Amino acid sequence: ILQWDTLVDSSNMDPDRWVLLAEQIWTYYFNYDGFVILHGTDTMSYSASALSFILENLDKPVIFTGSQIPFCEVYNDARRN
């Protein structure tokens, strides 16, 4: 499991962070069969779209998942997702 030292609110994702995600996938490409990215829902579609172009023709799955309600809330959907 790879986790960024400073977590980023999904509303603050930007092209520089998309490139960082792609670089990390390429760095660990041969170590894993696929990649799962935990991402907030505010900009998940933008990040997934950007990575689909950056990682074009990647032969491994990259899966984005997230929850509508934060994990710290008593009734959340994080565990089910």
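Going by the structure above, here's the rest.
Residues numbered from 1 in each chain as written. Predicted model: local features only at pLDDT ≥ 70, side-chain atom pairs only at ≥ 80, totals over all residues. Heavy atoms only, no water.

A. Representation of the pairing of strand S2 (residues 62-65) in the model. Both strand S1 (residues 35-38) and S2 contribute to a ladder of 4 bridges, which runs parallel. The residue bridging Phe35 from the neighbouring strand is Val62, located in S2. In the classification by handedness, the crossover that spans S1, the intervening helix H2 (residues 44-54) and the parallel S2 is right-handed. (Pairing = 2+ DSSP bridges. Helix = DSSP H or I, 4+ residues; strand = E, 2+ residues; numbered from the N terminus. Right-handed = clockwise from strand over helix to strand, strands pointing away.)

B. Quick look at the environment of Thr41. Position of Thr41 among the secondary structure elements: in the loop between S1 and H2. Classification of Thr41 as partly exposed rests on a relative accessible area of 32%. In sequence terms Thr41 and Gly66 are 25 residues apart; their C-alpha atoms lie 6.1 Å from each other. (Buried < 20%, exposed > 50% of the residue type's maximum accessible area, 1.4 Å probe, protein only.)

C. View of unusual backbone geometry. You will see that Asn57, though not glycine, has its phi angle at about 70°, which is positive. Within the secondary structure, Asn57 is located in the loop between H2 and S2. Taking relative accessible area as the criterion, Asn57 reaches 68% and is therefore assigned exposed.

D. Molecular detail of the environment of Leu38. Of note, Leu38 is situated in strand S1. Through-space distance from the C-alpha of Leu38 to that of Gln3 is 9.7 Å; in sequence the pair is 35 residues apart.

E. Quick peek at the packing of aromatic side chains. In this structure the tally under the stated criterion is 4 aromatic pairs. For the pair Tyr28 and Tyr32, a centre-to-centre distance of 6.5 Å together with 55° between the ring planes defines the contact as tilted. Between the aromatic rings of Tyr32 and Phe35, the centroid separation amounts to 6.2 Å while the plane-to-plane angle is 70°, which identifies the pairing as edge-to-face. Aromatic ring contacts, followed pair by pair, group Trp26, Tyr29 and Phe30 into a single cluster. The cationic tip of Lys60 hangs over the ring face of Tyr29; the distance from NZ or CZ to the ring centre is 4.2 Å. (Phe/Tyr/Trp six-rings, centres within 6.5 Å; stacked < 30°, edge-to-face > 60°. Lys NZ or Arg CZ within 6 Å of the ring centre and 35° of its normal.)

F. Examining the environment of Glu23 more closely. Summarising the element assignment, Glu23 is placed in helix H1 (residues 15-27). For the pair formed by Glu23 and Leu55, sequence separation is 32 residues and the distance between their alpha carbons is 9.5 Å.

G. Region of interest: H2. Restricting attention to buried positions, one finds in H2 the residues Met44, Ser47, Ala50 and Leu51. Taken around the axis of H2, the buried residues stretch over an arc of 130°, which confines them to a single face. Looking at H2, the residues exposed on the side facing more than 90 degrees away from the buried face are Ser45, Tyr46 and Phe53. Considering only its buried residues, H2 is in contact with H1, S1 and S2. (Arc of directions from axis to C-beta. Contact = heavy atoms within 4.5 Å.)

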